[in-house]
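Spelled out from the first residue to the last, the chains are:
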Amino acid sequence: GPKVLQIPSHQIIDMGQMVTLNCDPVSNHLYFYWYKQILGQQMEFLVNFYNGKVMEKSKLFKDQFSVERPDGSYFTLKIQPTALEDSAVYFCASSSSGTGVSGNTLYFGEGSRLIVV
Amino acid sequence: GDQVEQSPSALSLHEGTGSALRCNFTTTMRAVQWFQQNSRGSLINLFYLASGTKENGRLKSTFNSKESYSTLHIRDAQLEDSGTYFCAGPASGGSNYKLTFGKGTLLTVTP
């Protein structure tokens, strides 16, 4: 089936440093998402991105977070500076259309495990 | 409260048996998506339903939007079915762009 690739799979970073998580979405998809999962807990929506813009973000998407997809390359989540509570698995997802449209499906990557020490 | 409530929170099955997982919505959902999160943490798409029933192998899912619930039936469970099963949906009247997840059902299949 369609694949979403995430790089890196794991990263350990010192608190206060910057981290960039990369996502290669499904090739013909137009909507991109980041979700956060703390170990053993449910997936929490962070942000949605379409046509070069953030469409919606949750309260978990702090000011230190930013997303972009320059020139159709990786869809990235940047955290600067990182904090201890940012430790989690970050999942990227993509879809061909918005989630409210009939027949649409979100496809998730395998996650990037971020550990802030 | 949570918009998506899953039950049971944990379930243990012997190989070859079956059961049903349930997802109750406290708000109207336009669709539901079911995922399996395996031991590696990967999210595997199982079903997307806007209504009715879909079946795929040993799995079957139903979405009743009027009564605000969805079920996932597993039959002839295998060891590789172990994992956490999540349901999620976009709320009607809400954003087109956000899936709200339940807390998951942890399924353990034993020999």
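Residues numbered from 1 in each chain as written. Chains lettered and ligands numbered in written order. Predicted model: local features only at pLDDT ≥ 70, side-chain atom pairs only at ≥ 80, totals over all residues. Heavy atoms only, no water.

Student: Got a sec to walk through the packing of aromatic side chains? Specific residues and values, please.
Tutor: All names here are of chain A. Applying the stated criterion to the full structure yields 13 aromatic pairs over all chains. With a centroid separation of 5.3 Å and an interplanar angle of 35°, the aromatic rings of F49 and F75 are classed as tilted. Note that F49 is positioned in strand β5 (residues 43-50) and F75 in strand β8 (residues 75-79), a separation of 26 residues in sequence. Residue class for F75 comes out buried when judged on its relative accessible area of 0%. (Phe/Tyr/Trp six-rings, centres within 6.5 Å; stacked < 30°, edge-to-face > 60°. Helix = DSSP H or I, 4+ residues; strand = E, 2+ residues; numbered from the N terminus. Buried < 20%, exposed > 50% of the residue type's maximum accessible area, 1.4 Å probe, protein only.)

Student: Explain the interface of chain B and chain A to me, and be specific about the residues and the numbers.
Tutor: On the side of chain A, 24 residues touch chain B, which itself brings 21 residues to the contact. Summed over both sides, the interface between chain B and chain A buries roughly 1,900 Å², with carbon and sulfur atoms accounting for 53% of that surface. Our count for the chain B to chain A interface comes out at one salt bridge. Across the chain B-chain A interface, the total number found is seven residue pairs in polar contact (both at pLDDT 80 or more). Those elements giving two or more residues to the side of chain B that touches chain A turn out to be β4 (32-37) and β5 (43-49) of chain B. Tallied by class, the residues present in the side of chain B that touches chain A amount to nine nonpolar, eight polar and four charged. (Contact = heavy atoms within 4.5 Å. Buried area = accessible area lost by both parts, 1.4 Å probe. Salt bridge = Lys/Arg side-chain N within 4 Å of Asp/Glu carboxyl O. Polar contact = N/O pair within 3.5 Å; in protein donor to acceptor, adjacent residues only side chain to side chain. Nonpolar A, V, L, I, M, F, W, Y, C, P; charged D, E, K, R; others polar.)

Student: Requested: an account of the nonpolar core, with residues and values cited.
Tutor: Judged by nonpolar contacts, the single largest core of 22 residues is most densely connected at W34, L46, V67, F75, L77 and Y90 of chain A. Setting aside residues no more than four positions away along its own chain, F75 of chain A makes contact with L21, N22, C23, F32, Y33, W34, F49, V67, E68, R69 and C92 of chain A. (Core = buried A, V, L, I, M, F, W, Y, C linked by side-chain atoms within 4.5 Å.)

Student: Just give me the short version of the state of the cysteines, but keep the residues and values in it.
Tutor: Residue and element names in this part refer to chain A. Evaluated as defined, the whole model comprises two disulfides over all chains. In this model C23 forms its disulfide with C92; the gap between the sulfur atoms is 1.9 Å. With the S-S dihedral at roughly -70°, the linkage between C23 and C92 falls on the left-handed side. Pair noted here: C23 is in strand β3 (residues 19-24) and C92 is in strand β9 (residues 88-95), with a separation of 69 residues, a long-range link. (Disulfide = S-S within 2.5 Å.)

Student: Describe the pairing of strand β11 (residues 105-110) of chain B, and please don't skip the residues or the numbers.
Tutor: One face of the sheet, then the other: side chains in a regular strand alternate in exactly this way. Residue and element names in this part refer to chain B. A one-sided burial pattern is seen for β11, the buried positions being T105, L107 and V109 and the unburied ones L106, T108 and T110. Examined bridge by bridge, strand β2 (residues 10-14) and β11 share five bridges and lie parallel to one another. Bridge pairing in β11 places S12 opposite T108. (Pairing = 2+ DSSP bridges.)

Student: How would you summarise the pairing of strand β7 (residues 65-68) of chain A if you had to cite specific residues and measurements?
Tutor: Residue and element names in this part refer to chain A. Of the two faces of β7, the one lined by F65 and V67 is fully buried and the one lined by S66 and E68 carries no buried residue. As paired elements, β7 and β8 share four bridges and run antiparallel to each other. Looking at β8, one finds that V67 is bridged to L77. Here β7 folds back onto β8 in antiparallel fashion, the turn holding six residues, of which D71 has a positive phi close to 55°.

Student: Please provide a residue-by-residue account of the sheet that holds β3 of chain A, values included.
Tutor: Residues and elements named next belong to chain A. Read across the sheet, four strands follow the order β1-β3-β8-β7 without closing on themselves; strand pairing throughout is antiparallel. The sheet terminates laterally at β1 (5-7) and β7, the two strands that pair on one side only. Across the sheet, the axes of successive neighbouring strands diverge by a mean angle of 15°, strand direction being ignored. Pairing of β1 with β3, which is carried by three bridges, proceeds in the antiparallel orientation. Of the residues in β3, the one forming a bridge with Q6 is C23. (Axes fitted to C-alpha atoms, helices over the stretch in contact; angles between N-to-C directions.)

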